[in-house]
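The chain contents come next:
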Amino acid sequence: MSDQAITLNKTGYGDNGHGHGGHDHHDDHHPKPTFWNTYVFTMDHKTIGKQFLFTGIFMAMVGLFMSVIFRLQLAFPDTELPFLESIIGKWGEGGKMDANFYLALVTMHGTIMVFFVLTAGLSGTFSNFLIPLQVGARDMASGFMNMLSYWFFFLSCTIMIASIFVTGGPAGGGWTVYPPLSVLESANPGSGLGMDLWLTSMAFFIVSSLLGSINYITTVLNLRTKGMSMTRLPLTIWAFFLTAVIGTLSFPVLLAAALLLLMDRNFGTSFFLSDVYIGGEALSNEGGSPILFQHLFWFLGHPEVYIVLLPALGMTSEVISTMSRKPIFGYRAMVGSMMAIAVLSFVVWAHHMYVTGMNPWLGTVFMLLTLIIAVPSAVKAFNYITTLWQGNIKFTSAMLFSIGLVSLFISGGVTGIFLGNAAIDIPLHDTYFVVAHFHLVMGSAAAFGFFAGVYHWFPKMFGRMMDRKLGMLHFWLTFASVYCVFFPMHFMGMGGVPRRYYAFSAFQFTGHEAYIDLSIFITVAAILGVFGQGIFLLNFLNSIRRGKKAPMNPWNANTLEWTTPVNPGHGNWPGKIPQVYRWPYDYSKPGIKHDYFPQHIPDDDPNWVEGVPEPVTEPAVKPEPQPEVVVSSED
Amino acid sequence: MKYEQNEAVLQVRKRLVKLLLMGLTCIMLVGVQGNAFAADAATGQALFKENCNRCHSMKLENSSTGPALLGVSERMPEGDWIYRWIKNSQKVIQEGEPYAVKLWEENNRANMDPMPHLTNADIDDIMAWINAYQPAAAPAPGDGASNTVGLEEAEGLGSLWNWVRFLVFAIVVLLVNIALQIARLRGVEFLAGVNLDKLNARLMLGFWVFGLVAAVWSTGLFRDYFILDNAASEHGQEIDQLFWTTMVVVIAVFVITNTLLFWFAYKYGKDGDRQAKYYPENYRLEMVWTVVPAIVLTFLVIMGIRTWTSVMSAPDDSKEMMAVEVNGQQWGWILRYPGNDQNFGEIDVRRIGGDNLLGVDMNADESKDDFITQDLILRKGSVIDLKIRSRDVLHSVYLPHFRVKMDAVPGMDTRFHFVATQTTQEYREYLKGNGFWSQIERMDTIKLDTFRIANRDTIAYDTTIIDTVYRYENFDFELACTEVCGRGHFSMRKKVVVLEPEEYDAWYEKASQATMYKAMRKDIDPSDEFPQLAGTEETGGSKSDIILE
């Protein structure tokens, strides 16, 4: 057995047949499993994935909670809400939220959601969990770096959460932390210790992200099992791979920006400062440019959108294909469009800066490049829709969220055509139109991808099923809530209402009472949506302990992770790693006895392929008796 | 297996859950109603908050936009004066009532918003609260109790009800959750025997149909507030045209793709017998939906580049120019005009101090005739050369009605050129045709909290007063900030007034007479020093035309 494993495992890991990866060579003995090395400082990719998952969910709760608090301010600007004081203390004295704290909440909500939930929580969880399982590897290329990646992330979370509690409050200049506001404490109290912590936290976050990304890239390139050529990779893996490439190339730039900002703040440099008069005196800084920071920030900031979105699109492709019982339509076009998106994502960043005073000629170039990105996005959307066509759709919770994602991706994506157009961006820039756009296309769509992933791979993660009916309730509540919250925001955007406003009463064009009614509607919808997430959380936690036991391949899917035991151990496959014979999307293929045809089944297996005579020899892997698609609570 | 559980127990549980939900709903409703039965002064406080707090501080000893109201009962004339004043103060002033005129003069001729929807009883309630109010006795700074106000009982009651409503809401959420969980664990099957695939397939289609209807209907609700259809500037009209052209494309794509998505989800929902079609690729189809979007986008890009270039390119020399400088600072704008020489004095932040708000070079000749104004006054038909600066953090100059937006960057001057095509007065005329703006001012508050109407039979507002002021008469162009800049970001307002060229020139002539030194002084309100524009006061010039005094 041992020699077979070595031939299959192309890296040349010594695989001793006990099923653990070869990464712990520093210790000749198999380390004794203890609580600490099993659950805490683990190097097992599956456990690390779950660590990212739990941390991500915790951060999501914090981020969502913040949004509810500031939504209350927007809906009831004149009402005293005494409970605010008991939640946010001095910032809510007398039941009125402090304007600085409003900005701090908006900032932290954005930061936490974009980086900690949708980057680390989504990509960190599923890249870690799925890459080795789906490419057929025992573990990540470097289990140790993988462990470091999580613990840097944990450190980063701790610092970010701690920054909420410092004097002056957390960073409050928007998640984009534009200087000079983010440099000058006298301009904004959040730009004190809170901002230093923000930057420190982000620096650790970037370290974590890079450690993870390098690992993902290496694993995908080097640790694929026999027969798993790049063109046979599931789209999930393609998505994770491209995401990691984008992250590796763009996150360092943010690190540079963060360090320069730290120096401007603490060491008297002038990278981003010039001609500033604040707190009763003119600063001596001269020659810096705030625009420079924006270029550095958005050089990460825009690819970041795709770092968030691609994994969600990848997982959704997998789910939609499996649950429609159809091959994903246009596999090559899907890969190609993801590659196109990945490349283009690096050359569109300045569309966030049309009206910053940047040379207008640049605006035309970036407008052209930005609108080109709509083409691969359209291809993806059409391919999803065609995959559904003439399928036999099973509405599992994961499938519901995947269809939801496609709808949100379209609805949020089309408004990008307005915003990417520099001329139209003039009236719409920094209004609620933008808030609506990116919350639909990036925030909600990615969150839906996250949920699809959790529901779909939960059986592999915890060996149990989540409750389908609660999942359904969760989906419909969330889907309705998302549209109720973000769709009407377009109206405010078309009325010109700027974002990041503490109240709308100061202006005639923003002060319409109808907008107050709308704000109340949005806030109520948001609270109901958050309630929906409570259902998810209960379902999730409950199912871990009490969910129905999962079968080995609950969705009758083709990919390799379903060939592992229900609770895969260290090393993933107890025996040798299966070999791969085809792409992962042969669903409902004519001439096949079942409506799926897993990657590891040889083409001449008589249990699967019609017209093949009964074998003289045993088939490589016996198909387990397959029931109709098994779904949680029904049986 | 679970279905085999005792049917009777299931029924009871289901009923219990229903009862629980109904009960809680009732409690919530009662919670809402509760406010209506509070004491007079408490009602007054609520009314005050709702109607007066926009301008008058709830801490009556403090002045806000409007004057402090502590002890107002002792100052004001007796009788029905207060009713008339609150319902329509302008009318009282026009009638020449001496105390009213005095108030008006004292408050820089700012008009109080008319409140025709308040009944005499409402006003009595408000006065009851004002009379009962006790200012806080020298609260210690930072003391948690510093917001103590008079009438603590009423306050306490209000807070209590807020608490109750919040708690009830939280409890409902919690209980529904718990109920669902318990039910599940005990084996109660919700949706037992329902084909979930069919149900979801139907819900998909239902969601889309309902969503489309809701989208169309709600667009109607907010249509009147869209500002994207009558730009008051030349380039703005181009942008609007492009916006609506794009909108046609976007709506088409949005509706077609979503319809296909939800329709397929409905149509191909799981059906045991059907074999899904093995259909992995179709090169021709892929080409179609690569090339068609590419072509459509090419058109949009070309139009976009053309518009963007024309907006951003250097202005046409043949047109008259007018220059104005907008200086952003935390949290307001300083508006500077170059004076007769058409040249601005140089600015350096290191010179800021004392009277010199902008850091202007006081010795330079160009500076001598520069002047600062309260409102942004623009000349119709000229190319407006907007020079944009910031002295502290990033701000962004935003003139929504003119489709102008450009960041104010410390250390880097930015500009925006545009031509205003409509005067304030012309825009007001245009708004006559708008469903919202053509209505009578404050009509929206006649909603009057429906429960208040329901609980009192006295709906008595004077229709003869309210038909005098239309919303559009108070319309003003505005200047706002769209780059987050700290706590006051949401309130960086300046009024923008567009004048006919001859009006503007006359105003400019007069304004330039003032010396720069005066203009730069912060203790002098420039609006006092410069020729006053009727109708440019904060609350607007009601029906009067904008004319020079």
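The shown structure was predicted, so the numbers you read here are calculated from the model rather than taken from an experiment. (Residues numbered from 1 in each chain as written. Chains lettered and ligands numbered in written order. Predicted model: local features only at pLDDT ≥ 70, side-chain atom pairs only at ≥ 80, totals over all residues.)

Caption draft 1: Structural context of the packing of helix 13 (residues 397–414) of chain A against helix 17 (residues 468–486) of chain A. Residues and elements named next belong to chain A. Axis separation between helix 13 and helix 17 bottoms out at 9 Å; the angle between their running directions is 15°. What the angle tells us is that helix 13 and helix 17 run roughly parallel. Seen from above, helix 13 lies across helix 17 with right-handed handedness. Residue-level contacts link Ser397, Leu400, Phe401, Gly404 and Leu408 of helix 13 to Arg468, Gly471, Met472, Phe475, Phe479 and Val482 of helix 17. Within the contact of helix 13 with helix 17, the residues separate by chemical class into seven nonpolar, three polar and one charged. (Axes fitted to C-alpha atoms, helices over the stretch in contact; angles between N-to-C directions. Helix = DSSP H or I, 4+ residues; strand = E, 2+ residues; numbered from the N terminus. Parallel < 35°, antiparallel > 145°, perpendicular 65-115°, else oblique. Left-handed = near helix turned anticlockwise from the far one by under 90°. Contact = placed C-beta atoms within 7 Å. Nonpolar A, V, L, I, M, F, W, Y, C, P; charged D, E, K, R; others polar.)

Caption draft 2: Inspection of the environment of leucine 84 of chain A at higher detail. Its place among the elements puts leucine 84 of chain A in helix 4 (residues 82–88). Beyond its immediate chain neighbours, meaning those up to four positions away, leucine 84 of chain A contacts Gly92, Gly95 and Met97 of chain A.

Caption draft 3: Representation of the environment of valine 375 of chain A. For valine 375 of chain A, the location among the structural elements is in helix 12 (residues 374–388). A residue is classified by how many C-beta atoms lie within 10 Å of it, and valine 375 of chain A, with 22 of them, is buried. The spatial distance from the C-alpha of valine 375 of chain A to the C-alpha of valine 40 of chain A is 44 Å, given a sequence separation of 335 residues. Not counting chain neighbours up to four residues away, the residues in contact with valine 375 of chain A comprise Thr290, Pro293, Ala294 and Leu297 of chain B. (Buried ≥ 20, exposed ≤ 12 C-beta atoms within 10 Å, placed from the backbone.)

Caption draft 4: Representation of the environment of histidine 437 of chain A in the model. Residues and elements named next belong to chain A. For histidine 437, the location among the structural elements is in helix 16 (residues 432–462). Accessibility expressed as a C-beta count within 10 Å gives 26 for histidine 437, which makes it buried. Through-space distance from the C-alpha of histidine 437 to that of phenylalanine 299 is 20 Å; in sequence the pair is 138 residues apart.

Caption draft 5: Broad picture of the interface of chain A and chain B. Listed per partner, the contact involves 116 residues of chain A and 105 residues of chain B. Sorting elements by how many residues they give to the side of chain A that touches chain B places helix 12 of chain A first, with nine residues. In the side of chain A that touches chain B, the residues fall into 70 nonpolar, 31 polar and 15 charged.

Keep in mind these values describe shape, not function.
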